[in-house]
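# Residue-level structure breakdown
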Amino acid sequence: MSHTDRRKFLTTTATVAAGAATGAIFAPAVHAQAWSNQPEKGARLRVLRWSRFVQGDIDQYMKNVAAFTAKTGIEVRVDNESWEDVRPKAAVAANTGAGPDIILSTHDDANLYPEKLVDVTDLCNYLGRKYGGWYPVCEAYLRPNGKNWIGVPFGCAGNTLVYRESHMKAAGFSTFPRDTDGFLKLMKALKEKGTPGGFALGNATGDGNVWTHWLLWSHGGQLVDKDNKVVINSPQTVKALEYARELYQTFVPGTLSWLDPNNNKAFLDDQCSVTANGISVYYAAKTSKDPKLQAMVADINHANMPIGPAGVPTELNLFFNQMIFKHSKYPKAAKEFIRFMMEEEQYGPWMQAAIGYVTQPLVAFEKNPIWTVDPKHTPYRDAMKIMRPIGYAGKMGYASAGAAADFIVVNMVAEAGSGARSPQEAAERAQKRAERYYKV
Amino acid sequence: MTLLQRLENSRNALGLLFLLPAAALLLFFLTYPLGLGIWLGFTDTKVGRAGVWVGLENYEYLFGDSVARLSLFNTVFYTAVASVVKFVLGLWLALLLNKHMPFKAFIRAIVLLPFIVPTALSAIAFWWIYDAQFSVISWTLMKMGLIDRYIDFLGDPWNARFSVIAANVWRGVPFVAICLLAGLQTISPSYYEAASLDGATPWQQFRFVTLPLLTPIIAVVMTFSVLFTFTDFQLIYVLTRGGPLNATHLMATLSFQRAIPGGSLGEGAALAVAMVPFLLAAILFSYFGLQRRAWQQGGKD
């Protein structure tokens, strides 16, 4: 493909985008900036991403990639790895200066080697202006100095409470409680009715971290303060752990051994009435041919995590980023690729194909029909709006990554919840363990 | 005489030459990674960032870390209990298999099955067996009315320790049994004939004929068994990931958790290197066990 063709394509897409901006959906984006970027001649790209949680995700993603290649002539090779394996691979690529041009990774990865990443401030500004801005949590992850973007937010895997409507009603609740007190009452009532809920307390990287961080934050506790000083041994944490102790006694037996898949299995087998999870439980039931699960579909519903004494939503979700590495020979082509994938024409259908598993980082995409086509999807829409970053309220880096990987918060809640240690002891121990990571 | 001819006629030079391929392999695939691991243990290398020499800091740090100390205890406990049980069951199985019975070859082949199945696969099977909600053991006992609630195999620290040990034993017994069976078959029947003519009881035959003659094999087999068990990783990683409350974290799994997902390569390497003294002790044990062979053949230590 020649130069002129590519330029023509860029102007065309800009016009299309401007056209979309005048539509009802993107009404406020009047001052959408034109995007100009000239990919390198003969560019080829290698992308490493986390492997799909739902098949529709990768199918549509690859369709978008093919559309990009068709329009620009830039070949793109996409490799998939389990999301937990992307982290070490990305780090090695950063260290050795070789490997994929673009890596789609999770949480605080970009903060481990910011100097190895291409500055994408222009791209993020362009996308932000065009699509109603980024949610604040995106800046916490990828704009560490408040000015420069070190990666482009890609979205997050939202978590909500997944519950059985009929069991909740049988326990005497007409709507799902919005605060932690009401939630505890519901959990106790469910236990009495013989239909208890349960949350993963084993070393479960995804589900364990997500709900225990919510619990800690909901009571005003946090691992570190703004200056990365460890402050987990606090009265708020102890309160959170006392709450955890009461909550744990309402759980299905065996949650201390639960890894990521356990709650899905137990829920779908009618053994667990409330748990925290992505939309996958609902979809497993919806797409199943088993009549038992088909009957369960209507009874499954979702609610955002309750609000505790902290007074604000305090969720943690799995954040996804897109990083361009400085070792890439084609940084402009890489930027062009990410821009293309993030434009409404591509990102919108992709969100729909991912059936609500991925929540958008850009405010305008809230209007995507996936969130309203089924009212049960709606709670996942706000995942990025109400989440806090990992390592809250400190700065991200090796300490936050190490502390999370070592399950400090999960272990603390498990110890206090199960009664293996008193809340005070568990908080002290977590303080000691976290201080080792946040040592100066 | 040309240089080539001189080389061909020199035993020493030729020996060195023939040793080269093996030495190169060992150097590249054994010495280099081991050396690199030891080196990393003395640095603060992170995944994705080169480190600087920090001396013994990683080791001091790990010594003060309650989770690392717990993993040491877990590893020693796991290895000790699993190895003893594997030895007793393996020896027993070998003695049984050594008897004359129908379909001998077939049964011996079947016994090896647990050892052949890839660890990750058998671990997944055990994961279901031990599942808090779907355990077949709990289900059966419930149906028989023996228990009134599901057993929390992996949710209680001590239950979890014994559960993973049981899974390890199931996997390891065939190896021990088959090796000991090979050892048993090298013992000449004439010893037993002589012993029975002297009026030895079956126990005495075992104690004074079988056991001493089997000792060299036992030493080798148990060394391998201890090494495999001490460095076990897959089983734990699939079953518990080190949980609950880190009660089943072995040094190998914790080393991985710290080094790769946690990003602290240096610390993970130090933890892995800390396993070496224990493994060395096991090898020395085997060495001295082997020495007894000379003694058994009538020589002196």
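Residues numbered from 1 in each chain as written. Chains lettered and ligands numbered in written order. Predicted model: local features only at pLDDT ≥ 70, side-chain atom pairs only at ≥ 80, totals over all residues. Heavy atoms only, no water.

## Topic: unusual backbone geometry
For the bond from Tyr 392 of chain A to Ala 393 of chain A, the omega torsion is -5°, close enough to zero to count as cis. Relative to the assigned elements, Ala 393 of chain A resides in the loop between helix 16 (383-386) and helix 17 (398-405). A cis amide bond, omega -10°, links Gly 243 of chain B with the succeeding residue Pro 244 of chain B. Take Pro 244 of chain B: it is sitting in the loop between helix 12 (234-239) and helix 13 (251-259). For His 107 of chain A, which is not glycine, the phi torsion reads 45° and is therefore positive. Relative to the helices and strands, His 107 of chain A is located in the loop between strand 3 (102-106) and helix 4 (121-130). His 107 of chain A gets classed as buried once you look at its relative accessible area, which sits at 12%. Of note, Arg 241 of chain B is a non-glycine position whose phi angle comes to about 55°, a positive value. Here Arg 241 of chain B is to be found in the loop between helix 12 and helix 13. (Helix = DSSP H or I, 4+ residues; strand = E, 2+ residues; numbered from the N terminus. Buried < 20%, exposed > 50% of the residue type's maximum accessible area, 1.4 Å probe, protein only.)

## With respect to the nonpolar core
Counting residues in hydrophobic clusters, the biggest one holds 145 residues, and the most contacted among them are Tyr 61, Phe 183, Trp 211 and Phe 337 of chain A. Looking at this core, the element that brings in the most residues is helix 13 (residues 331-342) of chain A, giving 7 residues. (Core = buried A, V, L, I, M, F, W, Y, C linked by side-chain atoms within 4.5 Å.)

## Structural notes on the packing of helix 2 (residues 11-41) of chain B against helix 14 (residues 265-273) of chain B
Residue and element names in this part refer to chain B. At their nearest, the axes of helix 2 and helix 14 sit 7 Å apart, and the two run at 115° to each other. Classified by chirality, the crossing of helix 14 by helix 2 is left-handed. Across the interface between the two elements, Gly 37, Ile 38, Leu 40 and Gly 41 from helix 2 touch Gly 266, Ala 269, Ala 270 and Val 273 from helix 14. Of the residues assigned to the contact of helix 2 with helix 14, the class counts are 5 nonpolar, 3 polar and no charged. (Axes fitted to C-alpha atoms, helices over the stretch in contact; angles between N-to-C directions. Left-handed = near helix turned anticlockwise from the far one by under 90°. Contact = heavy atoms within 4.5 Å. Nonpolar A, V, L, I, M, F, W, Y, C, P; charged D, E, K, R; others polar.)

## Overview of helix 11 (residues 202-230) of chain B
End to end, helix 11 of chain B covers just 35 Å across 29 residues, shorter than the expected 42 Å (1.5 Å per residue, more than 12% under). The largest bend in helix 11 of chain B amounts to roughly 50° and is located at Thr 215 of chain B, with the proline Pro 216 of chain B lying one to four residues further along. (Expected span 1.5 Å × (residues − 1). Bend = angle between axes of the 7 residues up to and from the residue.)

## Examining the interface of chain B and chain A
Across the boundary between the two partners, chain B contributes 38 residues, which contact 37 residues of chain A. With both chains or domains summed, chain B and chain A bury close to 3,000 Å², and 51% of this area falls on carbon and sulfur atoms. It is Tyr 61, Gln 133 and Leu 245 of chain B in chain B that bury the most area against chain A; as a group they hold 21% of the surface buried on that side. Where chain B touches chain A, the interface holds 3 salt bridges. Between Asp 131 of chain B and Lys 265 of chain A there is a salt bridge, with the nearest N and O atoms lying 2.7 Å from each other. At the junction of chain B with chain A, the criterion picks out 18 residue pairs in polar contact (both at pLDDT 80 or more). Breaking the side of chain B that touches chain A down by element, the ones donating at least two residues are helix 3 (57-63), helix 4 (66-97), helix 7 (119-129), helix 12 and helix 13 of chain B. Looking at the side of chain B that touches chain A residue by residue, the classes come out as 17 nonpolar, 12 polar and 9 charged. (Buried area = accessible area lost by both parts, 1.4 Å probe. Salt bridge = Lys/Arg side-chain N within 4 Å of Asp/Glu carboxyl O. Polar contact = N/O pair within 3.5 Å; in protein donor to acceptor, adjacent residues only side chain to side chain.)

## Examining the sheet that holds strand 8 (residues 318-324) of chain A
Residue and element names in this part refer to chain A. Strand order across the open sheet formed by 6 strands is 2-1-3-8-4-9, with mixed pairing between neighbours. Looking along the sheet, the strands with just one partner apiece sit at the ends: strand 2 (75-81) and strand 9 (358-359). Here helix 2 (residues 55-72) sits on the sheet in contact with strand 1 (44-50), strand 2, strand 3 and strand 4 (152-157), set at roughly 160° to strand 2. (Pairing = 2+ DSSP bridges.)

## Some details on the side chain of Gln 322 of chain A
Residues and elements named next belong to chain A. Relative to the helices and strands, Gln 322 resides in strand 8. For Gln 322, a relative accessible area of 1% translates into the label buried. In terms of polar contacts, Gln 322 uses its side chain to reach the backbone carbonyl oxygen of Pro 153, at 3.4 Å. Other than its neighbours up to four places away in sequence, Gln 322 contacts Ile 103, Leu 104, Gly 151, Val 152, Pro 153, Phe 154, Ile 338 and Met 342.

## Focus on a nonpolar patch on the surface
Residues Phe 103, Phe 106, Ile 107, Ile 110, Leu 113, Phe 115 and Ile 116 of chain B make up a contiguous nonpolar surface patch of roughly 710 Å² in combined accessible area. With respect to the secondary-structure elements, Ile 116 of chain B resides in helix 6 (residues 113-116). (Patch = residues over 30% accessible without salt bridge, like charges linked within 9 Å, V, L, I, M, F, W, Y side chains within 5 Å. Areas by Shrake-Rupley, 256 points an atom, 1.4 Å probe, with all protein chains shown as cover.)

## Brief notes about the environment of Gly 221 of chain A
All names here are of chain A. Looking at the element boundaries, Gly 221 is found in the loop between helix 8 (207-218) and helix 9 (235-248). Each C-alpha atom, one on Gly 221 and one on Glu 344, is 38 Å from the other, the two residues being 123 residues apart in sequence. Residue contacts for Gly 221: discarding those within four places in its chain leaves Leu 216, Ser 234, Gln 236 and Thr 237.

## So, the sheet that holds strand 6 (residues 274-277) of chain A
Residue and element names in this part refer to chain A. Spatial ordering of the open sheet is given by 6-5-7, a layout of 3 strands whose pairing is antiparallel. Looking at strand neighbours, the two that pair on one side only are strand 6 and strand 7 (300-303), the edges of this open sheet. Each strand of the sheet is rotated relative to its neighbour by a mean of 30°, with strand direction disregarded. Sheet topology note: the strand 5 (residues 160-164)/strand 6 ladder contains 4 bridges and is antiparallel. Residue Tyr 163 lies in a different strand from strand 6, and its bridge partner there is Val 274.

In short, geometric facts, not functional conclusions.
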